[in-house]
Amino acid sequence: MKMLDGGRPLAGRRIIVTAGPTAEPIDPVRVLTNRSSGRQGYAIADALARLGAEVTLVSGPTALDAPSGVRRVSVETAQEMLEAVRAALPAEAAVCVAAVSDWRPDEVFGIKLKKGKDGPPTLRLVENPDILAELSAAGPGRPRLVVGFAAETNDVELHARAKLARKGCDWIIANDVSEPGVMGGSDNAVMIITRDHVERWERAPKDEVAGRIAARIAEALG
Ligand code: CTP
Ligand code: CA
């Protein structure tokens, strides 16, 4: 019934989007985090919702409002993000845009650390769960389309290909964050890498890139 779609080809499709940084507590006032405005992930969630998708946006701390028609679940840490993603399954597609902290302090201090005669504290880090890799793992609950992002600074395609293979996802959308104005800025220049195909897109505003990604996802889900 394409006629009734009204330009909403993703009507009724559940899609998970992760966005923003995660923040891993050190003590009650300090965190370990990544640079990420959340803008690209929010723009993708918005674009998918405009095409009719039922979007769950699992977001780390950002300064952004939830796009209209999107269900936002706010989290702080990578472990909370993973739990929220699991709770949002099943879904037909998942788009992992979050800048997840690769590590967290192995111990969270219950009271504020103070400067003092002992000098700076030594933090021991442990690795966080890989949300994209878990979503990509084969199994009955796997979304049909799992998309990862890769922010790289050199030999973008090579690193992105390696990431696609390592994570087991279906597409990697790679961007060169050494390009001036991309990190925290309003533009993005991306490359879409699938197992048998690479495409380079012209630099464009993040919401335009998001619109193209959403349209491509709608095409892939059919
Ligand atoms: N990702 C994730 N969970 C993690 C780390 C990364 O879901 N713990 C996702 C990101 O959301 C992104 C993709 O994996 O979609 C690639 O993230 P990136 O940091 O580039 O990859 P890593 O495997 O962490 O490799 P690197 O050592 O380059 O940081
Ligand atoms: Ca990483």
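Parameters and conventions
- Residues numbered from 1 in each chain as written.
- Chains lettered and ligands numbered in written order.
- Predicted model: local features only at pLDDT ≥ 70, side-chain atom pairs only at ≥ 80, totals over all residues.
- Heavy atoms only, no water.
- UniProt positions renumbered as here; feature names shortened; annotations may be inferred.
- Helix = DSSP H or I, 4+ residues; strand = E, 2+ residues; numbered from the N terminus.
- Contact = heavy atoms within 4.5 Å.
- Near = heavy atom within 4 Å.
- Polar contact = N/O pair within 3.5 Å; in protein donor to acceptor, adjacent residues only side chain to side chain.
- Areas by Shrake-Rupley, 256 points an atom, 1.4 Å probe, with all protein chains shown as cover.
- Nonpolar A, V, L, I, M, F, W, Y, C, P; charged D, E, K, R; others polar.
- Phe/Tyr/Trp six-rings, centres within 6.5 Å; stacked < 30°, edge-to-face > 60°.
- Lys NZ or Arg CZ within 6 Å of the ring centre and 35° of its normal.
- Core = buried A, V, L, I, M, F, W, Y, C linked by side-chain atoms within 4.5 Å.
- Buried < 20%, exposed > 50% of the residue type's maximum accessible area, 1.4 Å probe, protein only.
- Pairing = 2+ DSSP bridges.
- Right-handed = clockwise from strand over helix to strand, strands pointing away.

## Section: the UniProt feature "binding site: CTP" (unreviewed entry) in the protein
Taking the numbering used here, the UniProt-annotated feature "binding site: CTP" (unreviewed entry) corresponds to Asp102, Lys112, Pro129, Asp130, Ile131, Leu132, Phe149, Lys163 and Lys167. With a sequence span of 66 residues, these residues are also far apart in the fold, their greatest C-alpha distance being 37.6 Å. Its place among the elements puts Ile131 in helix H3 (residues 131–136). Discounting residues that sit within four places of it in the chain, Ile131 has contacts with Ala78, Met81, Leu82, Val85 and Val100.

## Digging into the site of ligand 1
As a matter of local geometry, ligand 1 sits amid 13 residues, with Cys96, Ala98, Pro129, Lys163 and Lys167 nearest to it. A distance of 3.1 Å separates a nitrogen atom of ligand 1 from a polar atom in the backbone of Ile131. A distance of 2.8 Å separates an oxygen atom of ligand 1 from a polar side-chain atom of Lys167. When isolated, ligand 1 has an accessible area of 570 Å², and the protein chains bury 77% of it. If you list the elements that add at least two residues to the shell around ligand 1, you get H3, strand E9 (145–152) and helix H4 (156–167). At three residues, the largest contribution of residues to the shell around ligand 1 is made by H4. Partitioning the shell around ligand 1 into residue classes produces seven nonpolar, one polar and five charged.

## Things to note about the packing of aromatic side chains
A full pass over the atoms with the stated rule returns zero aromatic pairs. In this arrangement the basic side chain of Arg212 is found over the ring face of Trp201, its NZ or CZ atom lying 4.0 Å from the centre.

## Section: the nonpolar core
Among the nonpolar cores identified, the biggest contains 35 residues, and Ile15, Val17, Leu48, Val95 and Ile217 are the most heavily contacted of them. Mapped onto this core, the elements with two or more residues apiece are strand E1 (14–19), helix H1 (39–50), strand E4 (54–59), strand E6 (93–96), E9, strand E10 (171–176), strand E12 (190–194) and helix H5 (206–221). The next biggest cluster of nonpolar side chains, apart from the first, holds 25 residues, and it includes Met81, Ala84, Ala88 and Ala150.

## Let's talk about the pairing of E10
Burial runs high along E10: five of the six residues are buried. Here E9 runs beside E10; their pairing, made up of six bridges, is parallel. When the sheet's bridge partners are listed, Gly148 is paired in E10 with Ile172. As a crossover connection, the stretch from E9 through H4 into E10 is right-handed. Summarising the sheet, E10 and E12 pair through four bridges and their orientation is antiparallel. Paired with Asn175 across the strands is Val190, a residue of E12.

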